[in-house]
Amino acid sequence: MRASGGRDLDGWPAVRACDADRDRVIAELRDRFADGSLAQESFLFRVDAALRARWHGDLAQVVADLPAPRPSLARAVRDRLARAGYLARRRLTRPRPSPAPAALILPSGTRASFTIGRDAACDLVLADMTVSRWHAGLRREGSGWLLADTGSTNGTRLNGWRVTEPVPLRAGDRVMFGSLTMVVTEHTRPASGTVTPVTP
């Protein structure tokens, strides 16, 4: 209710509604009618009340009792597509786990030295462009093996340290020939009594 002179009954000055305010309220009523929140008679009655409203308080009463707007089907579809796109981008940008390094199996037998490189004449051929043709070598020393770099271009590293002189190898060590990483593994002999199947 309004008192004379453009003031509310509680004494605060009233604010007159302008055409932009009425248009905003009518647009809200149109959206509510479109999503089924308003019947046609209620929509027409409220639009008429909005057009006749002179004060902001009158306009607020036109939409005050309406329920919260329901999301439209188009908006729901847009939200689901945006969510799907976000998840797809996360999957594409998520770092993939690096493959497990290959095993460098220490040789068995009585042979004293082995060559490692990209050249087909090496004892262990590594088909990687960061590996030199004659990259490194293994030399038997007592009951173990020593690893030496043979002047490779990209170097040899043992557990992150560059190999500049022969160093002993142990099972579990990580060796890098260029950018190729391998894990040292002891040669395992088949257990006694193991039968190897023979295919006909």
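Residues numbered from 1 in each chain as written. Predicted model: local features only at pLDDT ≥ 70, side-chain atom pairs only at ≥ 80, totals over all residues. Heavy atoms only, no water.

Details of the sheet that holds strand β9 (residues 161-162)
Strands belonging to one sheet form pairs held by backbone hydrogen bonds; the direction of such a pair is parallel or antiparallel.
Turning to step 1, where the next piece is worked out: With respect to topology, 5 strands assemble into an open sheet ordered β3-β12-β11-β8-β9, the strand pairing being mixed. At either margin of the open sheet sits one strand with a lone partner, and together these are β3 (102-105) and β9.
Turning to step 2, where the next piece is worked out: In this structure, β3 lies alongside strand β12 (residues 180-185), joined through 4 bridges in parallel fashion. By the bridge assignment for β12, Ala 103 is matched with Val 183. (Pairing = 2+ DSSP bridges. Helix = DSSP H or I, 4+ residues; strand = E, 2+ residues; numbered from the N terminus.)

Notes on the packing of aromatic side chains
Turning to step 1, where the next piece is worked out: Tallied over the entire structure, the rule returns 2 aromatic pairs.
Turning to step 2, where the next piece is worked out: Between Phe 33 and Phe 43 the ring centres are 4.8 Å apart and the planes differ by 20 degrees, which places this aromatic pair in the stacked class. With Phe 33 in helix α1 (residues 19-34) and Phe 43 in helix α2 (residues 40-52), this pair connects stretches of sequence that are 10 residues apart.
Turning to step 3, where the next piece is worked out: On the accessibility criterion, Phe 33 (35% relative accessible area) is partly exposed.
Turning to step 4, where the next piece is worked out: Residue classification places Phe 43 among the buried residues on the basis of a relative accessible area of 15%.
Turning to step 5, where the next piece is worked out: With a centroid separation of 5.7 Å and an interplanar angle of 65 degrees, the aromatic rings of Phe 114 and Trp 145 are classed as edge-to-face. Here Trp 145 lies in strand β7 (residues 144-149) and Phe 114 lies in strand β4 (residues 113-117), a separation of 31 residues in the sequence. Accessibility classification places Phe 114 together with Trp 145 in one group, the buried group.
Turning to step 6, where the next piece is worked out: Taking the ring centre of Phe 114 as reference, the NZ or CZ of Arg 111 above it sits at 4.5 Å. (Phe/Tyr/Trp six-rings, centres within 6.5 Å; stacked < 30°, edge-to-face > 60°. Buried < 20%, exposed > 50% of the residue type's maximum accessible area, 1.4 Å probe, protein only. Lys NZ or Arg CZ within 6 Å of the ring centre and 35° of its normal.)

Here we look at unusual backbone geometry
Turning to step 1, where the next piece is worked out: The phi torsion at Asn 159 lies on the positive side, around 55 degrees, for a residue other than glycine.
Turning to step 2, where the next piece is worked out: Tracing the sequence through the fold places Asn 159 in the loop between β8 (156-158) and β9.

Considering helix α3 (residues 56-63)
Turning to step 1, where the next piece is worked out: Along α3, the positions that sit buried rather than exposed are Leu 59, Val 62 and Val 63. Taken down its axis, α3 places every buried residue within 85 degrees of arc, on the same side.
Turning to step 2, where the next piece is worked out: Of the surrounding secondary structure, the elements contacted by the buried residues of α3 are α1 and α2. (Arc of directions from axis to C-beta. Contact = heavy atoms within 4.5 Å.)

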